[in-house]
Amino acid sequence: MPRLVGAAQTVQQQAEQITTFNSSGTFTAQPLSTVANVLIIAGGAGGGGTLGGGGGAGGYREISNHPIPSSGFPVAIGAGGAGATSGTKGADGSNSVLGASSPLTSTGGGGGGRNNNPDPAGTSFSGVSGGSGGGGYFNATGGSGNVPPVSPSQGNPGGLGATAAGVPGEEDSGGGGGASAAGANGSGSGGGNGGAGSPSTISGSDVTRGGGGGGGTFHPATQSSGGAGGGGRGGAASPTNGIDATANTGGGGGGASFPAAGLGGDGGSGAVIVKEPE
């Protein structure tokens, strides 16, 4: 039989609570919560236009035991970047911010590389840097990931562009970087696949997010894959448009392929998940 010795005591308890933001809003913690596990994913970037690089995934940050205040605070969800029109770079994704007493920001993905103008040095063909970098076009580098730098890293670089044995006009762009892997290089016979995203069980299920977009190609029979975690595929023979990334994964959009003047795929919007312990 239970016994009570001395003064009575009241033990306060609360249930575990998981809050998912797919759009911007305000988070208010439970009364007993002082820390939480958080996942902040920024918007992924758009893929480049015709023969363009895959868009980089939005920055991906998962942090345990982050301090949270008792009062409500804003949560901003980054939008995905628009896919490019023919011959231009994809638009960067937007940042996601958990606006607690110590704000956490994940940086939007970098747009997939492309440029209409001749550029022997290839400097304007590069993918854009960001949370994860966009894939490069025409022998140019992919954009850098984890920009600005945080620890642990929020993303990876995009892949290099390539030509078919140096043949002008036969370009195969790199894939966009993903949360857990760099985008693959263009091969001269196909666009690079998007870098893989990262899995997380913070929502109660094992879900992978933050995949990079596949690179566009002169050889659309070898359509590139988007990275696991919502990245869009590169364009096919028909339609040549890059494929949009999945919403609320922070995935990068696919680069457009040849021969039509294709559009890059749109990047996926970000998300924030807050898990309060019991």
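Calculation rules
Residues numbered from 1 in each chain as written. Predicted model: local features only at pLDDT ≥ 70, side-chain atom pairs only at ≥ 80, totals over all residues. Heavy atoms only, no water. Helix = DSSP H or I, 4+ residues; strand = E, 2+ residues; numbered from the N terminus. Buried < 20%, exposed > 50% of the residue type's maximum accessible area, 1.4 Å probe, protein only. Contact = heavy atoms within 4.5 Å. Areas by Shrake-Rupley, 256 points an atom, 1.4 Å probe, with all protein chains shown as cover. Pairing = 2+ DSSP bridges. Axes fitted to C-alpha atoms, helices over the stretch in contact; angles between N-to-C directions. Polar contact = N/O pair within 3.5 Å; in protein donor to acceptor, adjacent residues only side chain to side chain. Phe/Tyr/Trp six-rings, centres within 6.5 Å; stacked < 30°, edge-to-face > 60°. Salt bridge = Lys/Arg side-chain N within 4 Å of Asp/Glu carboxyl O. Core = buried A, V, L, I, M, F, W, Y, C linked by side-chain atoms within 4.5 Å.

**Q** Help me out: how do you make sense of the overall build of the protein in this one?
**A** From N to C terminus, the protein includes zero helices and twelve strands. What you see in the protein, going N to C, is helices and strands ordered as β-β-β-β-β-β-β-β-β-β-β-β. Taking all 278 residues of the protein together, the buried fraction comes to 53%. The long-range fraction of contacts in the protein, counting pairs at least 24 apart against all pairs at least 6 apart in sequence, stands at 56%. By element, 53% of the accessible surface of the protein is carried by carbon and sulfur atoms, the whole surface being about 11000 Å².

**Q** What am I meant to see in the sheet that holds strand S6 (residues 96-98) here?
**A** By way of backbone hydrogen bonds, the strands of a sheet pair with one another, either parallel or antiparallel. Pairing is antiparallel in the open sheet, where four strands are placed in the order S2-S5-S6-S7. In the strand order of this sheet, the two ends are held by strand S2 (25-27) and strand S7 (104-106), each with one partner. Between one strand axis and the next, the sheet turns through 25 degrees on average, direction left out of account. Here S6 pairs with S7 via three bridges, running antiparallel. Looking at S7, one finds that Ser 96 is bridged to Ser 106.

**Q** Help me understand the side chain of Ser 96, please; the structure alone is not making it clear to me.
**A** The residue Ser 96 is located in strand S6 in this model. Here Ser 96 falls in the buried class, since its relative accessible area comes to 0%. A polar contact is formed between the side chain of Ser 96 and the backbone oxygen of Ile 41, at a distance of 2.8 Å. Side-chain polar atoms of Ser 96 contact the backbone nitrogen of Gly 78, separated by 2.8 Å. When neighbours within four sequence positions are excluded, Ser 96 is seen to be in contact with Ile 40, Ile 41, Ala 42, Gly 43, Ala 76, Ile 77, Gly 78, Leu 104, Thr 105, Ser 106, Gly 270 and Ala 271.

**Q** Looking at this structure, how should I read the packing of aromatic side chains?
**A** What describes a pair of aromatic rings is the distance from one ring centre to the other and the angle between the planes of the rings. By the definition in use, this model includes six aromatic pairs. Consider the rings of Tyr 137 and Phe 138, whose centres lie 5.9 Å apart with planes at 40 degrees: the pair is tilted. With relative accessibility at 27%, the residue Phe 138 sits in the partly exposed group. Feature note: the residues Phe 21, Phe 27 and Phe 73 constitute an aromatic cluster, connected by ring pairs.

**Q** How do you make sense of the pattern of salt bridges when you look at a structure like this?
**A** Working definition: two side chains of opposite charge can pair if their charged atoms are close together. Taken as a whole and judged by the stated rule, the model has one salt bridge. With a closest N to O distance of 3.8 Å, Lys 275 and Glu 16 form a salt bridge. On the criterion of sequence distance, the pair formed by Lys 275 in strand S12 (residues 271-276) and Glu 16 in the segment before strand S1 (17-21) is long-range, its members being 259 residues apart.

**Q** I keep staring at the pairing of strand S5 (residues 73-76) and nothing clicks. Help me out?
**A** Working note: regular strand, side chains alternate between the two faces of the sheet. The pairing of S2 with S5 spans three bridges and is antiparallel. Bridge pairing links Phe 27 to Phe 73 in S5. Summarising the sheet, S5 and S6 pair through two bridges and their orientation is antiparallel. Paired with Val 75 across the strands is Leu 98, a residue of S6.

**Q** Just checking my understanding: could you explain the nonpolar core for this structure?
**A** Proteins that are soluble and globular tend to have nonpolar side chains buried together. Core analysis: the largest hydrophobic core is formed by 14 residues, its most contacted members being Phe 27, Val 38, Val 75, Leu 98, Val 272 and Val 274. At the level of secondary structure, the elements contributing two or more residues to this core comprise strand S3 (35-41), S5 and S12. Ranked by residues supplied to this core, first place goes to S3 with three residues. Leave out the neighbours within four places in its chain, and Val 38 touches Arg 61, Glu 62, Ile 63, His 66, Leu 98, Leu 104, Ile 202, Ile 273 and Val 274. By size, the runner-up hydrophobic cluster in this structure holds six residues, among which are Ile 41, Ala 179, Ile 202 and Ile 273.

**Q** I would appreciate a short explanation of the sheet that holds strand S4 (residues 60-67) in the present structure.
**A** Across the sheet, which stays open at both edges, the four strands sit in the order S1-S12-S3-S4 with antiparallel pairing between neighbours. The sheet is open, and its two edges are formed by S1 and S4, each paired on a single side. Averaged over all adjacent pairs, the angle separating strand axes in this sheet is 15 degrees, with direction ignored. In this structure, S3 lies alongside S12, joined through five bridges in antiparallel fashion. Across the sheet, Ile 41 pairs through a bridge with Ala 271, a residue of S12.

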